[in-house]
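Per-entry structural report
Here is how the chains run, residue by residue.
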Amino acid sequence: MAIGLYQRITDIVRAAYSRRIATPAVLDAASYFPARVAFSGMWETLRAEALTLTEGFSQIPRFHEIMEEQAPISDNDGRDWRLFILKAYGIELAHNMARCPRLAALVRGRPEVLSASVTFLGPRKHIPKHHGPFRGVLRFYLGLSVPQAADGEPAVLMVLDGRPYRLGNGKWLLWDDTYSHEVWNESDDIRVALFLDIWRPYMPLDMWIMSKAILAITQFGIVWRGVAQKYQH
């Protein structure tokens, strides 16, 4: 899909959700994703598992290699943003799940987790300001191996809806990525984090139906593009 057409479609979808769902950028995990304690409580185990993937770092695809429509934020500066995908909108990548068995076990036991990826943000990488397309899911972030600045603070900065966040190892955030956000890795090291896409609870019925339809279309696109076969490592 051409980038311009993709942006127009996502703008329409985002506007439709905004008229019906008016939650803030950051959400209460106890209410919206109580299972976060299972993931955050095992962050050190998940970090050890994720770091084994760095041995084949160059084989992990960049985001725009998986989805060309993401080139404006992934291929903007020649620096790496790579995703090791275990599950994509309900479709498991069996070989990748096997590479991270502890994370896979957590994901399999929770159907509300639609997608799971270990993400690698390269040194000095900047992800420009953008909006996610789909308010029917929420994003859960968990820092696994986050570089530190000279003052001891996390060296990766995210500005979400105008507010700065520096989330270190074991720190998490549940947020709506349809709000404007931008990220900088201000270090010379790779940041490793866990991203989960969570089915949004408490949606109005029309938005629930729309979300199910978008999920089905997205799953079809994943199968059609051969993502589940192409990006297993």
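Okay, so let's go over this structure. Values in this document were obtained by computation on a predicted structure and should not be read as measured data.

Definitions and cut-offs
- Residues numbered from 1 in each chain as written.
- Predicted model: local features only at pLDDT ≥ 70, side-chain atom pairs only at ≥ 80, totals over all residues.
- Heavy atoms only, no water.
- Pairing = 2+ DSSP bridges.
- Helix = DSSP H or I, 4+ residues; strand = E, 2+ residues; numbered from the N terminus.
- Axes fitted to C-alpha atoms, helices over the stretch in contact; angles between N-to-C directions.
- Phe/Tyr/Trp six-rings, centres within 6.5 Å; stacked < 30°, edge-to-face > 60°.
- Buried < 20%, exposed > 50% of the residue type's maximum accessible area, 1.4 Å probe, protein only.
- Lys NZ or Arg CZ within 6 Å of the ring centre and 35° of its normal.
- Arc of directions from axis to C-beta.
- Contact = heavy atoms within 4.5 Å.
- Polar contact = N/O pair within 3.5 Å; in protein donor to acceptor, adjacent residues only side chain to side chain.

Considering the sheet that holds strand β7 (residues 163-165)
Taken in spatial order, the four strands line up as β4-β9-β6-β7 in an open sheet, and their pairing is antiparallel. Only two strands of the sheet have a single partner each, and these edge strands are β4 (126-130) and β7. Recorded for the sheet is a direction-independent mean angle of 15° between the axes of neighbouring strands. With three bridges connecting them, strand β6 (residues 156-160) and β7 associate as antiparallel partners. Paired with Leu160 across the two strands is Arg163, which belongs to β7.

Comments concerning the packing of aromatic side chains
Aromatic ring pairs: the centre-centre distance and the angle between the two ring planes describe each pair. For the structure on display, the rule yields nine aromatic pairs. Relative to Phe195, the ring of Tyr141 lies with its centre 5.8 Å away and its plane at 55°, an arrangement referred to as tilted. Pair noted here: Tyr141 is in strand β5 (residues 137-145) and Phe195 is in strand β10 (residues 191-199), with a separation of 54 residues, a long-range link. Across the pair, Phe195 and Tyr141 agree in class, each one buried. The rings of Phe33, Phe39, Phe140 and Trp172 are connected pair by pair, giving a single aromatic cluster. The ring centre of Phe57 lies 5.0 Å from the NZ or CZ of Arg82, which sits over that ring. Against the face of Trp199 rests Lys212, its NZ or CZ located 4.9 Å from the ring centre.

Digging into helix α4 (residues 43-51)
Listing the buried residues of α4 in full gives Trp43, Leu46, Glu49 and Ala50. Angular distribution of buried residues about the axis of α4 spans 120°; they occupy a single face of the element. As for α4, its buried residues are in contact with α3 (36-40), α7 (94-99), α8 (101-108), β3 (113-121), β5 and β10.

Side note on the side chain of Ser187
Within the secondary structure, Ser187 is located in the loop between β9 (181-185) and β10. Take Ser187: its relative accessible area is 7%, and that puts it in the buried class. Polar contacts involving the side chain of Ser187 include one to the main-chain amide nitrogen of Asp189, which spans 3.1 Å. Residue contacts for Ser187: discarding those within four places in its chain leaves Pro123, Arg124, Pro147 and Ala155.

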